Structure formats: C-alpha cells, structure tokens
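If you want the building blocks of each chain, they are given just below.
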Amino acid sequence: MTTTVTAPEATGRQEPAAPRHRKRRPKLPYALLIPAIATLLIGLGYPVTWQIINSFKEYGLAQQFGQPAEFIGLQNYLDLFTDSVFWTIALRSVAFMAGTALLTMGIGIALALLMKAIPAWSRIVLQVAMLLAWAMPIVAQMTVANWLIDDRNGVVNYVLSLIPGVDYIGHNWLIEPLSFFGVAMTIITWASVPFVAFSVYAGLTQVSEEVLEAASLDGASRSQTLRMVIVPIIRPVLVILLLLQLIWDLRVFAQIQLLQDFGAAGERYDLLGTYIYGLGIGQSQFGMAAAAAMVVMALTLAISWGYVRNMIKEDQES
Amino acid sequence: MKKTMIGATAFAAAGAIALAGCSTASDSGSDSSPAASDTAAAAEDITLWLAGTDTPEALIEYLKTEYTDVNGGSLTVEQIGWGDLISSLTTALPDSENTPDVAEVGNTQAATFTTVGAFMDLTDHYEELGGDSLLPGFVEAGSIGDSVYALPYYFGSRAVFYRQDIYEAAGVEVPTTLAEYTEVNKKMLDEGVGGAYLAGRDWRSAISWIFANGGDIAEYDGSEWHATLDSPEAIAGVEQWQELFETGNVAQPTDDDTTTYSAINDDFLSGTPASSTLAPSWATWTLGDFDEETEGYVWNSETFGVYALPGVDGGAAPVFAGGSNIGVSAATQHVDGALDLMEIIFSDEYQTMLAENGMGPANLDFADTYIENSTFEGVNEIAFEAASNAKLTPAAAGWASVEEAGIMEDFFQAVAEGGDVTKLAVEANAKIDELING
Amino acid sequence: MNRTILRAGGATLAVVLAAIWAFPVYWMINTSFQTPATINKLSPTFLPLDGTLKNYREVLADNSFSAALGMSLTVTAIALVLCVLYAVLAALAIARFRFRGRKTFVLAIIVVQMLPAEAMFIAQYKMLASANLLNSVIGVTVIYLAMVVPFTTWMLRGFVAGVPVDLEEAAMIDGCTRMGAFRRVTFPLLAPGLVASGVFAFVQVWNEFALASIILTENQKATLPLWLRDFAQTSNLGVTEWGQVMAGSVLVAIPVIVFFMIVQGRMAQGLVGGAVKG
C-alpha cells in the first residue's frame, strides 16, 4: 500500500533500464496488459457506457419496464446542480471525508508513535487488538455497532447511564443526523486506524537508530527530532495514506447504508454514496443517479487532481 | 406485456405441444385453468418470490407440493428480504429470462409496479380467484381503472394493545372515541402509571389519526397526485395526534416502530410499562409475560387486552392496513404455470392455511376462520374489523419513493417535537409532491 | 528512571487502547454465548459465565450459513487469485516498460476508482442477465475483478518498481528469458507486496453486498455479508435475537481473522517494504 506513493520516485530511479527493453520486446508490455484490460472492459465497459449515456436520458421505472428512454440533453445535470439537496449532501460528504480522514490519520500516527516507544509485549497486545478490529467484515462491524448502541439493551447507553445524573437508557443514537454521522465516523475511524497505525509504524521502523542518535547528539529535543528527522523520512507514507483515506471516506457507502438500514433513512442521513444509491435503486430515477455518479467522479478527480497530475508528470519524466 | 401474451399465443398456435423445461410458453394465458393445463401437459418450472420470511415454512411446502401435483413442474420459492425487495423487483421483473413468475410486493409498493406495467393483467381471472370477496382496498392498490393486476396476498391491521391492570389501577375504561383515547392516556400519565407508547417516527400508526378525521395523505385529481396533509381534516388529525403525544404519551419523538410494540411488556421500559400501544395484529406473539422456558412472550389475558382504535365519533377508526399484494410478472414465459400457482394461492385450502396462521386471508370469505384462529381471544376479530375499513397509502406510482425518502417519518417526528402542524404539513406536502407522481 | 516511568505509562496506555479497540469484538463474542433472557436484562452481562451454544446451533440449524460460506470462499478465492495475477502482470508492464498508451492506462486505472459504483448496479444486472450469469459465481466474480484490479495494479506497480532491475538483468545474462527473470527473481522479491495488495482485494470482495443483493437473488447463492444482513433483518416486529445475530457475526468474521493471521507476518513485511522506498 504504502508503496504507491513511492512508486513514481522508485520508477524514476530505475528507469534508465527501460528504454533498452523497448526495442527488444515491443509487444511484451501489451501482452502483459491484456488480462487487466480485458477484465476492465468486460466488468466495466458496458456499465460505464450505459451510465454515461443514461445520464443524458430520462430513465425511470417506466423506462426500466420498457418505455423508450428519451434523450433530454443536460436536463439531469441541470436538475442536479440546481437541487439544494444535492449540494447539501455533497458538502456534508466532503466535511465527513475531511473529518474522518484527519481523525483516522491523527489517531493512527499517534498509535504508531506509541508502538515505537513501548515495550514489546504491550506493543503486541495493541497490535493483536487492532488486527482483530481491522479483520472485522463491514457488515459484522455495523451489526455489532448497532448492538452496542441499541437504545435499550446496548452496553454504551448502560455505561453512560452509570454516570450519576445521566440517563441514556432508551436513547436512540441514529435519529439526530449529527449523532448519526458521529456514530458512523466513530465506527469508520475505529476500523481504519489499524491500517494507518501499522503502515506508519512500518515506516517508523525504517528510521535507523543511527540517525536518531546523531540527532540527539546534535542536541535535538524529542519534538525537534520528530519534526525535523522522523516526519520528513515517513512523509511519503503519510501523503499516500492521507490520500487513500480521503478517497475511501468520500466514497463511503456500505457503512452508511447499513446504518440507515438499522436506524433512520432519508436525505438527512445521506452521504453521496447512499444518495446515488437511493436515487437509483430507491426512487428509480436511474438517469439522475447516473448523472450524480458522473458528477461525483468529477468531484473526486478535482479533489485529488493535484496528486494525480503530479504522478502522471513524474511518470512521464522518468 | 401485450407482446409477451401475443408471443405466447403464437407459440401455442404453432402447435408446440411437447414443451417442457424452463424456457417454454405453452398456452395463451386467457383461457387457462387447471384443467386446461393438465390436458396441455406442459409442466413448467416456475419461481415465486416471497417478501421476507412472513410466509411460514409449512405454507411454502404446501405451495410446492400442490404446484407439482397440479402442473407437473416444480416451484422454486425465493425469500427476498424486505430491504432488497424493491431493488430486486426493479431489476428482475422486466427481464423475461430471469423474472420471478409470481411475486409478492408490499401493499404500499403495489401501485408503483402496477402503474409501470410490471404485472400481467389478471382481470379475466379475477372472478375465478375470488372476485369481489377479495379485500377491496388491496385490489384497488393493484388496479388501474377496471383492470386488475396485483391481487391481495394477506393483510394485517392495527389495534390498540393495552394493559388491563394499568387501566384498572388508574380507574379508566376502554375509550370509545379518539378524543377519549387522549384523555384516558393523559389521566394515566398524570397519575404516573404509564401513558400510551406511540413512537414519534411511527407514521404508519400516526396516519390513523388523519384517516379518522376524514383526511388523507394525497388525492388524485384525474391526472396527478397531490399531497393533502394540509387539508383541514388532515391537520385536525395531526393536531389531535400531537396533543396525545404531548400529554399522554411516554415514547420519544425520535423513537421509531422498531421498539414500539414491546413497550407494554414488563421490564421493557424502566419504571412502569406503557399502558397501551398501537401495533399490527401479527405483533401478538411478541407481547405478554416473559416465559423462561421458551424464552418467548406468552399472552396473558388477565393483564393484557386489545381493542380497536376508536373513531372520532365512536366505532373503529380507519387505521392503516399492512400486508402485501401478489401478481404475475408481465414478462413471465410461463403464464400457465404462474396462473396455476395463483389458483393454488387463492384456493380455499391455502386461504384457510393463511387464516390459521394468523395472516389475514386475501379472500374475506375466510375471515371467519381467521377470527376463530386468533392467537388469543378476539384480536383477529378486531384486526379484521379494522381491516375492513382500513385505508392504504396513496396508490401512486411514486409512493414507494416517498417511503424510501423517509418524508413521513420526518414529518411526524417534527410534529411530535411540538412544531407548527400547518407549516410542517405544507413543507411535507411539497416534498411528497415532488416524488409521488413517479 | 524517567524513561522507565514513561515506558510503563506508555505500556499502560497501550493496554487501555487495546481494550478499547478489542471491546466491540469482545462484546460480539460475549453476546453470542448468552440467552435472550440474559441479553434482555436492562443491565448487561459482561462475562458469559452461564453461557450457551444455543445461538450457534440455531444459526447453523439450516444450511444457509454453509451455503453462503461456500459461495463467499469460492468467489473471493477466484477473484483474489485472478486479481493478483492480472494486476502483477499489468504492474510489470507499466513499471518496467515505456510504451504507447501507457499513460492512458495509468490514468484509466486511477479514474476508474473514482467512479461511484452505486449507479451502475442496474447496468451490471442487465449485462449479467443477458449473459445468463445471474446467480452464478462467474458473473459476480467478473464484476468484482473489475472492481479490485485497478487498485491492486496501482499498488503493485510500486512494489515492482522497488525490485532493482539489475537483478533481472543479471538473471538474463545467466541465460534466463525476460519472463524467466521475472519469475525467478522478481516474483519471490514481490511476495510481501503481493500479500499486502492481496489483502486489500480480499477485504473489498469479502465485504461487498450491495451489488450482490441485486444479482444473487437465489437464497442458496447469497454471500456471507448478504446472509448476515438478511439474518439481522429478518428479526421483524422489532424483536432482534441479538444472541443469534452476534453468533452470526462471529461466524462471518472468523474466516477473515484466520486469513489475516495467516498473512499477518508477510503483510507487515509488505508494509515495511513499501516504507523502505519512501
């Protein structure tokens, strides 16, 4: 995973070798790409084409049942852009993405630093616990979470109610939208911190003792060492992790959908993923859903454009 | 749909007699009867989609055996979870290669699929399958004009389940008007013995107040549906519900219908249990005293009781009827088999079995059996009474979308939180109007 | 002295954090051994001392779990093997060669990942239906493959680039062909990377349920997430058998935990491997 960030640089370093092969085996790279390209064409070719075409069509339940779908030009897109609900949800998604990704990164990095500093036995205890959390399938995660916050028998409400003067028995966490997204953010953070912590920890183990000793000989304080020595070394790892968290948290679908299944549904509880799903599968506005999907793709691309452009550029230079 | 029928007829006319297996169409649908298909000897393997696990295993087995006896082919039954039902029907029903031949659909979703032509026209078979004995409200939900597409499968209704002991302790009688229901609950709550438990987001219960006051969710003006939550009748109903909620109710505005029904059991709420709740008739097996041995709840007629929600001027209020419809896919390639199955479903035997298993039979001729087979005394009679003047949600193409969007839940929660009913009704109307016409 | 206290404090903190992270897992297991009577008490039971296996017996009573387990294992195994194979080949191509169309391909696999899948279900259904592949392992695997190959390729590309090309050339001087050099030299060095990227493909495929719910409509063809979801939802009327639902969750989690335990060492190497080059 972490390698993805390093890819451009690594490629850059070894690239001199490449041109030599070009003349020798011009067909080999194409042959190597055949299975991957075939997979993409078979699995995505038709659906993506369908989606692009239907984003310009009036396509609802009636069309699904055989009515001809008419081209309506940019109408779906215009409807979408003038719909305050869509923008509210888009903003909410971006906020949710930023919050969750930063929280995950913050906790993950802190845990990695902690793992570096503590005795081996306690590190292993922590790693095993996090591995368990990481291994929980999403549906199981959400089912268990729903049981933990069950309004009547949930252990969370029980423990909170032990605090004198607090009565949380019967409190439903999934009705108030803020509380709903708080729960979602907590679960997603809980589940994604292990990956960040393990990756950053793996990065930290590569910071050699000599470097650290040299730093302390030079009179650097702990925080200075962290800031000026450690962070620069693991920076590429951090960048790629952050990018991945951002992409994943913007696209989050399964967790929100499952939480809606358990609790309240409706646009107040939607992020972009569930919104598109609701438009299409729920309300049978397939044309609109296709248009929304295209817009979300553009949005994701816009957010990560800096990184993508950088990567392509480095790639070309190499 | 027409295309399929014509194709099927042509196929039959071509003299393709010895057709068997899955991709056969053997006969034109219009004149099929068990006798006809027997002579045609065209055994067809068909698929039935049932919603969730509501239909008991024994009934499914019966359908399978009976179908093989009648048709010779085999019947495959898939249970599609309620949560996946709409998406699965949306994708599969138009697809003649993969469509279920017969499919159950929630009664409030029936109109949506009927309007787009997902189901085959059953008007010619209507009499055979029960005719006017079939539950009228549900038939209407599955009809367009005079043509019938989706028939009732089973119904359930809502009734007030209450605690006799609490009513006695508070010295109150079973109310006879809707206003009295509020008063009685206010009195009990004031005396600290537990009020009603009506969840703020349980709109399926709350709309009974709109219906009882003569209002409706939406009306059809001949070309389009318009939400009518702001009609004087509807507003009166919602305000009456709001008063009950604020003065005689122990549930929270944010509660939903997942917890409602057990609130009158002991030990469910901290403190005293709720004195009554409005629950579907099939909720009975979750109500009663906890039984250590079976780890389930057992109805105890000493402490528990049931009555129909009273109307504004007495009698029973028209409550919301739950249940489902069933129809033959318009894209089916096995019209005969599907019709054979429909005949089995609407046969006396199967309707009796439904009734005996506590599901309101589609055919009201079997109401007596249903009433006799109450899981405990009287509840099915009350449920039946309520169902006979029960109302459904609008039979509009877009109603399923309205439900999907959670508009009704949000509306009643806001009302329960003490909001201005007229203002909220106008807002909810606008949201419903956007979706209800599909 | 100061340092010792700090380390002890850190160790304590680590244990507390471990408890927080493991608690939901513990609570799932705990509840799965309890009877409804215990579960429905207002105060929870923290240790299933008078535990019961009844929940597991109930969950395993019909064969729906084993059918779903079989389906999930089959789909995931095929998708995983093919995905890693295809991705490593593609990664070799883009990391080791300059060729026309390379940039387009790289851009394509990045952009494809940004496309929300939620609007394509209908089209994917139509596609599989017309190929007669609904309710089949092949159908669902084809779509899952397309879902995971781009990311896996993207990830493996870095690992391939990290293996010095000189090693391959040395092998070629020793008489290996180009592909022979890949196989004998590069592949073994890629192992941790293959594991690390395989884990991601595994997790994605194992977790998917939204598309599966549409294209796997036969009850016997459900995958595990679908099975668990239906199982948790069939508790109609607001009475959830939490004991059974948690037992079901445990059963769904076990295969993943086992898988993670098996690959855990390699995975750590893979993560380190990535970091080295950072």
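Conventions and cut-offs
- Residues numbered from 1 in each chain as written.
- Chains lettered and ligands numbered in written order.
- Predicted model: local features only at pLDDT ≥ 70, side-chain atom pairs only at ≥ 80, totals over all residues.
- Helix = DSSP H or I, 4+ residues; strand = E, 2+ residues; numbered from the N terminus.
- Buried ≥ 20, exposed ≤ 12 C-beta atoms within 10 Å, placed from the backbone.
- Core = buried A, V, L, I, M, F, W, Y, C linked by C-beta atoms within 7 Å.
- Domains from an automatic or database assignment.
- Contact = placed C-beta atoms within 7 Å.
- Pairing = 2+ DSSP bridges.
- Axes fitted to C-alpha atoms, helices over the stretch in contact; angles between N-to-C directions.
- Parallel < 35°, antiparallel > 145°, perpendicular 65-115°, else oblique.
- Left-handed = near helix turned anticlockwise from the far one by under 90°.
- Nonpolar A, V, L, I, M, F, W, Y, C, P; charged D, E, K, R; others polar.

**Considering the overall build of chain A**
(1) Moving on: A tally of helices and strands in chain A yields 15 helices and 2 strands.
(2) Moving on: The principal-axis extent of the C-alpha atoms belonging to chain A is close to 75 × 75 × 30 Å.
(3) Moving on: By the burial criterion, 49% of the 318 residues in chain A qualify as buried.

**Side note on the nonpolar core**
Side chains of a nonpolar character, in soluble globular proteins, are inclined to be buried together.
(1) Moving on: By size, the foremost hydrophobic cluster in this structure holds 187 residues, and its most contacted members are Ala133, Ala197, Ile276 and Ala292 of chain A together with Cys83, Ala87 and Val148 of chain C.
(2) Moving on: Looking at which domains feed residues into this core, each of domain 1 (19–46) and domain 2 (88–317) of chain A supplies at least three.
(3) Moving on: Discounting residues that sit within four places of it in the chain, Ala87 of chain C has contacts with Ala36 of chain A together with Val149, Thr152, Thr153, Leu156 and Ser197 of chain C.
(4) Moving on: Counting residues in each nonpolar core, the second largest holds 143 residues, with Ile46, Leu63, Trp241 and Leu392 of chain B among its members.

**Considerations on the sheet that holds strand β14 (residues 304–307) of chain B**
(1) Moving on: Reading across from one edge, β8-β11-β7-β14 (chain B) is the order of the 4 strands in this open sheet, with mixed pairing throughout. Whereas interior strands pair on both sides, the edge strands pair on one side only; in this sheet they are β8 (196–197) and β14 of chain B.

**Brief notes about the packing of helix α6 (residues 84–117) of chain A against helix α1 (residues 2–32) of chain C**
In a pair of packed helices, the angle between the axes and the distance between the axes together describe the arrangement.
(1) Moving on: With their axes 9 Å apart at the nearest point, α6 of chain A and α1 of chain C run at an angle of 130° to one another. Compared by their axis directions, α6 of chain A and α1 of chain C come out oblique. The two elements α6 of chain A and α1 of chain C cross, and the hand of that crossing is left-handed. Contact residues: Leu111, Leu114 and Ala117 of chain A in α6 of chain A; Arg7, Gly10, Leu13, Ala14 and Leu17 of chain C in α1 of chain C.
(2) Moving on: Of the residues contributing to the contact of α6 of chain A with α1 of chain C, the split by class is 6 nonpolar, 1 polar and 1 charged.

**Some points on the sheet that holds strand β3 (residues 102–106) of chain B**
Residue and element names in this part refer to chain B.
(1) Moving on: Pairing in this open sheet of 6 strands is mixed, and the strands run β2-β1-β3-β15-β6-β16 from one edge to the other. The open sheet has two edge strands, β2 (75–80) and β16 (360–361), and neither has a second partner.
(2) Moving on: Pairing geometry for strand β1 (residues 46–51) and β3, over 2 bridges, is parallel. The residue bridging Trp49 from the neighbouring strand is Ala103, located in β3.

**Quick word on the domain arrangement of chain A**
(1) Moving on: Split by domain assignment, chain A resolves into domain 1 (19–46) and domain 2 (88–317).
(2) Moving on: A C-alpha centroid distance of 35 Å is found between domain 1 of chain A and domain 2 of chain A.

**Things to note about the interface of chain C and chain A**
(1) Moving on: Across the contact, 96 residues belong to chain C and 97 residues belong to chain A.
(2) Moving on: Broken down by secondary-structure element, the contributors of at least two residues to the side of chain C that touches chain A are α1, α4 (64–96), α5 (102–112), α6 (121–130), α7 (137–162), α9 (178–207), α11 (224–233) and α12 (242–277) of chain C.
(3) Moving on: Take the side of chain C that touches chain A: its biggest share by element is 18 residues, from α12 of chain C.
(4) Moving on: Of the residues belonging to the side of chain C that touches chain A, the class tally is 71 nonpolar, 16 polar and 9 charged.

**A word on unusual backbone geometry**
Residues and elements named next belong to chain A.
(1) Moving on: Positive phi, close to 60°, is recorded for Ser284, a residue that is not glycine.
(2) Moving on: Of note, Ser284 is situated in the loop between α14 (272–282) and α15 (286–317).
(3) Moving on: Take Ser284: there are 29 C-beta atoms within 10 Å of it, and that puts it in the buried class.

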